[in-house]
Amino acid sequence: MDSSELYLLLLSCYGKPHWWSDDPYTVMVQSVMVQNTSWKNVEKATEGIGDKLRPETVEKLSQGELESLIRPVGFPKRKAGTIRELTEWYERYGYSRSEVMAEEKDILRSELLMVKGVGEETADVILIYAFFKPSFAVDAYTRRFLSRFGYCFGCDDEIRKFMKDWLGEDAAAYGFFHSLILEHSIKKCKKDPDCVSCPIKRSCAYPEKAGTACMN
């Protein structure tokens, strides 16, 4: 199956997922907060931040104030530093989504990767969900899902090429596909998978190939 067929397969099972957030800054901050923690903790921290979740407000907070607000997600010092640097990056574009979107994807990705604490996955999440740039976010769930389906990629760039070859430059499809893989991985394709009740088990290679070098 190509990437578009995989996408449609998951879409037929779970339906179109909700977009991360309509607010680009919320996506940016939450993409940092979710590192090495649960989404439940992110929601708790977001609720605590409340109406302060605005770049104009965050830039005026002290380091201690910002750390206190995001403490529920863990690693407050490190994550607060990353959020502050991301806010400074966004300020260079006047806190304007349209200004960011007018820039080339590769330039934006390079700039984001220069922010301490922003790796490739976080950069791609921000590009897709905040600014609608087609840059597929490859995470551990994606690698495991594709591996169990029988694909064997040598690196994340090969996965991105696989996505682009069939999904083209459709940022919306990238975002929805990433969310669908996450949903499927949490519900069925866990570390110890629930293959018995999996809705796509007939298309999956895992039961026949479990234990081979490509499997995770």
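Structural data are supplied above this passage.
First, a word on scope: everything that follows refers to the structure included in this document. (Residues numbered from 1 in each chain as written. Predicted model: local features only at pLDDT ≥ 70, side-chain atom pairs only at ≥ 80, totals over all residues. Heavy atoms only, no water.)

Some words on the overall build of the protein chain
The condition that has to hold: Numbering of helices and strands runs from the N terminus, with a helix taken as a DSSP run of H or I at least four residues long and a strand as a DSSP run of E at least two residues long. A radius of gyration in this sense is built from C-alpha atoms; the matching globule rule multiplies 2.2 Å by the number of residues raised to 0.38. Here the term buried applies to any residue with accessible area under 20% of the maximum for its type, exposed to any over 50%, and partly exposed to those in between, with areas from a 1.4 Å probe on protein chains only. Whether two residues are in contact is decided by their heavy atoms, any of which lying within 4.5 Å being enough. Note on areas: Shrake-Rupley, 1.4 Å probe, and residue coverage restricted to the protein chains presented here. In this tally, Lys and Arg are treated as positive and Asp and Glu as negative; His is ignored, and so are the chain termini. Taken as the charge location is NZ of Lys, CZ of Arg, CG of Asp or CD of Glu.
Within the protein chain, the regular secondary structure consists of 13 helices and 0 strands. Counting from the amino terminus, helix and strand elements in the protein chain follow one another as α-α-α-α-α-α-α-α-α-α-α-α-α. Taking 216 residues into account, the globule formula puts the C-alpha radius of gyration at 17 Å, and the protein chain, at 18 Å, falls close to it. Out of the 216 residues belonging to the protein chain, those deemed buried represent 48%. Counting contacts in the protein chain only where the partners sit at least 6 residues apart, residues at least 24 apart contribute 66% of the total. When the accessible surface of the protein chain is summed, it comes to about 11000 Å², and 52% of that surface belongs to carbon and sulfur atoms. Separation between the mean location of the 30 positive side-chain charges and that of the 33 negative ones in the protein chain comes to 7 Å.

Here we look at the nonpolar core
Put simply, the rule is: Nonpolar core, defined: a set of buried Ala, Val, Leu, Ile, Met, Phe, Trp, Tyr and Cys residues in which side-chain atoms within 4.5 Å join the residues together.
Grouped together as the largest cluster of nonpolar side chains are 63 residues, with contacts concentrated most on Met 33, Ile 83, Leu 86, Trp 89 and Phe 177. By residue number, the principal contributor to this core is helix H9 (residues 120-131), which donates 8 residues. Ignoring any residue separated from it by four or fewer positions in sequence, one finds Met 33 in contact with Val 42, Ala 45, Thr 46, Ile 49, Ile 70, Val 73, Lys 79 and Ile 83.

Points about unusual backbone geometry
One non-glycine residue with positive phi stands out, namely Asn 36, at about 60°. Mapped onto the elements, Asn 36 comes out in the loop between helix H2 (24-33) and helix H3 (39-49).

A word on the side chain of Gln 30
With respect to the helices and strands, the residue Gln 30 is situated in helix H2. Since its relative accessible area comes to 8%, Gln 30 is described here as buried. Residues within four places of Gln 30 in sequence aside, it is in contact with Trp 20, Trp 39, Val 42 and Thr 46.

Read these as geometric descriptors, not functional statements.
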